[in-house]
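Observations on the three-dimensional arrangement
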Amino acid sequence: MSGDIRRGTVEMTAAMLISGTIGWFVVMSGQPVSGVVFWRCLFGALTLLVICGALGLLRPGIITLRAFTIAVFGGIAIVVNWLLLFASYSHATISIATTVYNTQPFMLLVLGALFLGEKITATKLFWLTLAFAGMMAIVEGKPQAGGASDGYGLGILMALGAAFFYALAALAAKWLKGTPPHLIALIQVATGMLMLAPMTDFSQSPQDAGSWAILVSIGVVHTGLMYVLLYGAIQRLPTHLTGALSFLYPIAAILVDGLAFGHALQPMQIAGAAIILLAAAGMNLGWTPRWLRPRALQG
């Protein structure tokens, strides 16, 4: 294993494990979702501002007006994504919300076909259908007690909405090839900070050091540091390895949810989660089922 591959693997692993713990931090912050996202954007922006300055990315002319506008659009999408994902935790648990959120590649597949002219092959359609089947299994595995099922369905819809807006942000990133990724991230969180400032109730801000530490961590570690690790890994790793290691995120989230909050998945939910993650793996890693391969490649 080369030095770059080894370093990239460590960076990607760390980024995914950090991402997998964010649900715990969001819940333990005790803040309204909009407040959590505002403080994430604020502390994330401060962190990324320092990083971009150190990398020399703040000099004039480094980004065009068109690229800046697209980055702002991506920032709006990524912030709505965070709002929906964090809100879904209280309805469908961190485990289920994170698993459903991992339908993002399929959202991007459809958006790519609509706006970038990318072809949806039979193999991609197969994985999309399989992911939909997994989604149906999760929906059928809803809690049976009281009115929880209504909230459960809302949580799943929120997680799906979060995946859609993440795909919009990813689509924007596809139009920004050549633009420094750390600068894109800075523009995104700065956009979110300006978006949410008017609607944030600062009277509900934390009153103790522990709660502030959680919010600072979400901004500095789960945003600033995570972006640096993620982009460093993407630059060093082949696509298939990046895709494979990305599945540490939902696995870590499921483990954290179980250990910290005692949320155990029901058999139908486990089956649905496994199907979705299998479909996402097949999509990301370019697997082709045997019966869909051209005859000349079989055997």
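Definitions and limits used
Residues numbered from 1 in each chain as written. Predicted model: local features only at pLDDT ≥ 70, side-chain atom pairs only at ≥ 80, totals over all residues. Heavy atoms only, no water. Helix = DSSP H or I, 4+ residues; strand = E, 2+ residues; numbered from the N terminus. Rg over C-alpha atoms; globule rule 2.2 N^0.38 Å. Buried < 20%, exposed > 50% of the residue type's maximum accessible area, 1.4 Å probe, protein only. Contact = heavy atoms within 4.5 Å. Salt bridge = Lys/Arg side-chain N within 4 Å of Asp/Glu carboxyl O. UniProt positions renumbered as here; feature names shortened; annotations may be inferred. Phe/Tyr/Trp six-rings, centres within 6.5 Å; stacked < 30°, edge-to-face > 60°. Expected span 1.5 Å × (residues − 1). Axes fitted to C-alpha atoms, helices over the stretch in contact; angles between N-to-C directions. Parallel < 35°, antiparallel > 145°, perpendicular 65-115°, else oblique. Nonpolar A, V, L, I, M, F, W, Y, C, P; charged D, E, K, R; others polar. Core = buried A, V, L, I, M, F, W, Y, C linked by side-chain atoms within 4.5 Å. Patch = residues over 30% accessible without salt bridge, like charges linked within 9 Å, V, L, I, M, F, W, Y side chains within 5 Å. Areas by Shrake-Rupley, 256 points an atom, 1.4 Å probe, with all protein chains shown as cover.

An unreviewed UniProt entry annotates the protein as Drug/metabolite transporter (DMT)-like permease of Rhizobium binae.

1. Focus: the overall build of the protein
A count of helical and extended segments in the protein gives twelve helices and zero strands. When the helices and strands of the protein are listed from N to C terminus, the series reads α-α-α-α-α-α-α-α-α-α-α-α. Computed over its C-alpha atoms, the radius of gyration of the protein comes to 19 Å, within 12% of the 19 Å expected for a compact globule of 299 residues. Burial analysis of the protein (299 residues in total) assigns 47% to the buried set. Partitioning the intrachain contacts of the protein with sequence separation of at least 6 by distance along the chain shows that 89% fall at a separation of at least 24.

2. Examining the pattern of salt bridges
Applying the stated criterion across every chain yields a total of three salt bridges. Arg236 is the salt-bridge partner of Glu11, the closest N and O atoms lying 3.0 Å from each other. With a gap of 225 residues between them, Glu11 in helix H1 (residues 3-20) and Arg236 in helix H9 (residues 209-236) connect regions that are remote in the sequence. A relative accessible area of 10% means that Glu11 is categorised as buried. The class of Arg236 is partly exposed, set by a relative accessible area of 23%. One salt-bridge network, in which partners are shared between bridges, spans Arg7, Glu11 and Arg236.

3. Side note on the UniProt feature "domain: EamA" (unreviewed entry) in the protein
Under the local residue numbering, the UniProt record ascribes the feature "domain: EamA" (unreviewed entry) to residues 14-138 and 154-284. Each end of residues 14-138 is marked by a C-alpha atom, and these two atoms are 28 Å apart; helix forms 82% of the span and strand 0%. With 79% helix and 0% strand, residues 154-284 has its two end C-alpha atoms placed 27 Å apart.

4. Side note on the environment of Glu11
With 220 residues separating them along the chain, Glu11 and Tyr231 place their C-alpha atoms 8.8 Å apart. Setting aside anything within four residues of it in sequence, one finds Glu11 in contact with Leu229, Gly232, Ala233 and Arg236.

5. Comments concerning the packing of aromatic side chains
The geometry of an aromatic ring pair is captured by the separation of the ring centres together with the interplanar angle, meaning the angle of the planes. Inspection of the entire model under this criterion finds 13 aromatic pairs. Ring geometry for Trp39 and Phe43: centres 5.8 Å apart, planes at 25°, overall stacked. Here Trp39 and its partner Phe43 are both found in helix H3 (residues 33-54), four residues apart, which amounts to about one turn of the helix. Residue class for Trp39 comes out buried when judged on its relative accessible area of 10%. Judged by relative accessible area, which is 16%, Phe43 ranks as buried. Aromatic side chains Phe126 and Trp291 sit 5.5 Å apart centroid to centroid with 85° between the ring planes, which places their arrangement in the edge-to-face category. With a gap of 165 residues between them, Phe126 in helix H6 (residues 122-140) and Trp291 in the segment after helix H12 (267-285) connect regions that are remote in the sequence. Residue classification places Trp291 among the exposed residues on the basis of a relative accessible area of 61%. Following the ring pairs from residue to residue traces out a cluster consisting of Phe38, Trp39, Phe43, Phe202 and Trp212.

6. Some thoughts on H12
Relative to the 27 Å expected for 19 residues at 1.5 Å per residue, H12 spans 27 Å between its end C-alpha atoms, a close match to the ideal helical length. Taken together, the buried positions of H12 are Gln269, Gly272, Ala273, Ile276, Leu277, Ala279, Ala280, Ala281, Gly282 and Met283. Positive phi shows up at Gly286, right after H12, with a value of about 70°.

7. A short note on the environment of Ile276
One can find Ile276 in helix H12. For the pair Ile276 and Leu128, spaced 148 residues apart in sequence, the C-alpha separation works out to 9.2 Å. With residues up to four places along the chain from it excluded, the contact list for Ile276 reads Thr99, Thr103, Ala131, Gly134, Met135 and Ile138.

8. Describing the packing of helix H5 (residues 104-115) against H12
Between H5 and H12, the least distance of the axes is 9 Å, while the angle of their chain directions is 50°. In terms of their interaxial angle, H5 and H12 are classed as oblique. On H12, the residues that touch Pro105, Phe106 and Leu109 of H5 are Ala279, Ala280, Met283 and Asn284. Of the residues that constitute the contact of H5 with H12, the class distribution is six nonpolar, one polar and no charged.

9. Concerning the nonpolar core
Ranked by internal contacts, the top residues of the largest apolar core, which has 70 residues, are Trp82, Phe86, Tyr89, Ile96 and Ile218. Tyr89 has contacts with Ile22, Gly23, Val26, Ile94, Ala97 and Thr98, leaving out every residue within four places of it along the chain.

10. What about the side chain of Ser88?
Within the fold, Ser88 resides in helix H4 (residues 65-101). Apart from residues lying up to four places away in sequence, Ser88 is in contact with Thr93, Ala97, Gly155, Met158 and Ala159.

11. Remarks on a nonpolar patch on the surface
A cluster of nonpolar side chains, contributed by Val110, Leu114, Phe115, Leu116, Ile120, Leu125 and Trp175, occupies part of the molecular surface with about 630 Å² of accessible area. It is H5 that provides the largest number of residues to the nonpolar patch, a total of three residues. Note that Leu125 resides in helix H6.

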